[in-house]
Structure formats: C-alpha cells, structure tokens
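# Structural overview
Spelled out, the chains give:
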Amino acid sequence: MRYFIRAVKYFIYFSILLVVMMAALYALKMTDPGAKDFASMFFKDGYDSLKLIALVFAGVSAIYPMVGFAKLKAIVPGEFKDVRGPIIEYMQERGYELEKEEGENLSFRARSTVRKITRMYEDRIEFERDFAGFTVKGKRSDIVRIIHGVETKTREN
C-alpha cells in the first residue's frame, strides 16, 4: 500500500510541476496567442498531447518508488547502548529528529517544514537493528549519505 501511495504522490507532484511550468510560459507570453483552446496553446496536438504526457507521468510515477527508495545495510559494530548516542547526534546534525524508538530500532523525521514539503512528507529514515549493525530504510539519496556518516561517526567513538 505504501508503494501505491508513493506512486500517486509522485504523479500529483509531476502534474503540479507541469501546471507551474505552463503557467510560467503563459505569464511570460511564450504561448500561441491564436490557439483555439487551452491545450493547443501549449502543445501541438492539444489534448492528445496531454493524454500522452499523463501516461508518461503515470509510468515514471509507478517506477520511481522502486528506484528512489531503498533498504540498505549500515555496518555499525558494537552494542546498541554504545552506538545509540552517536547515531542520534549525527542525525540531529543532519536536520533530523528522533520520532520514535522501539527497542533497538530508531525512526527519524526531518525537522524542517520545507524539507518535509519538498519530499512530500516522505522524509522518514528508519534504523532497524540487525546482526551487523542496522538496516536503514528511506529515500535512497538520503540514506546513502547517512549510512556513510553514521558508520564514520560510530567508528570515531
């Protein structure tokens, strides 16, 4: 269900970006002033082009959650009580706050409202304890940097 919700969010996000770009073109008078309808003002084939763009957006939106979100391993040796503090400290430095802690699992959310909005409230980073350290779940571009930083921070301590 989470995958489907993410796909719908991205479809809406891409659609809003298209509307914003079209509004900017219209405001800058870069459209065809003699067009017979709204869609023809922006696209050669009018509404047929909009249907094709919607299909492309649907395809990209359906695939993006699969490649944009990941579950990766972070090798963090040591007992949880020893690594908990450095992990929380590092995440706070990166602009995240501890949302919840269940046993040895940690969940963080972004503090910044701007970051939350730009990521469509998909800003949660989850640390699930496993044998070698943690499995980190979240947006791929974020967790790659976070894993490197957490591994470095816990090794320093």
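Residues numbered from 1 in each chain as written. Predicted model: local features only at pLDDT ≥ 70, side-chain atom pairs only at ≥ 80, totals over all residues. Heavy atoms only, no water.

With that settled, the discussion passes to a nonpolar patch on the surface. On the surface, a nonpolar cluster with roughly 780 Å² of combined accessible area is contributed by Met-1, Phe-4, Ile-5, Val-8, Phe-11, Ile-12, Ile-16 and Val-20. Take Phe-4: it is sitting in helix 1 (residues 2–27). (Patch = residues over 30% accessible without salt bridge, like charges linked within 9 Å, V, L, I, M, F, W, Y side chains within 5 Å. Areas by Shrake-Rupley, 256 points an atom, 1.4 Å probe, with all protein chains shown as cover. Salt bridge = Lys/Arg side-chain N within 4 Å of Asp/Glu carboxyl O. Helix = DSSP H or I, 4+ residues; strand = E, 2+ residues; numbered from the N terminus.)

Here we come to the packing of aromatic side chains. Summed over the entire model, instances satisfying the criterion amount to 8 aromatic pairs. Note on Tyr-10 and Tyr-13: the rings are 6.3 Å apart at their centroids and 85 degrees apart in plane angle, and the pair reads as edge-to-face. Here Tyr-10 and its partner Tyr-13 are both found in helix 1, 3 residues apart, which amounts to about one turn of the helix. Taking the relative accessible area as the measure of exposure, Tyr-10 reaches 6% and is therefore buried. Classification of Tyr-13 by relative accessible area gives partly exposed; the value is 32%. By the ring-pair criterion, three or more aromatic residues cluster together here, those being Tyr-10, Tyr-13, Phe-14, Phe-57 and Tyr-64. Note that Lys-139 overlies the ring of Phe-69, its terminal NZ or CZ placed 5.7 Å from the centroid. (Phe/Tyr/Trp six-rings, centres within 6.5 Å; stacked < 30°, edge-to-face > 60°. Buried < 20%, exposed > 50% of the residue type's maximum accessible area, 1.4 Å probe, protein only. Lys NZ or Arg CZ within 6 Å of the ring centre and 35° of its normal.)

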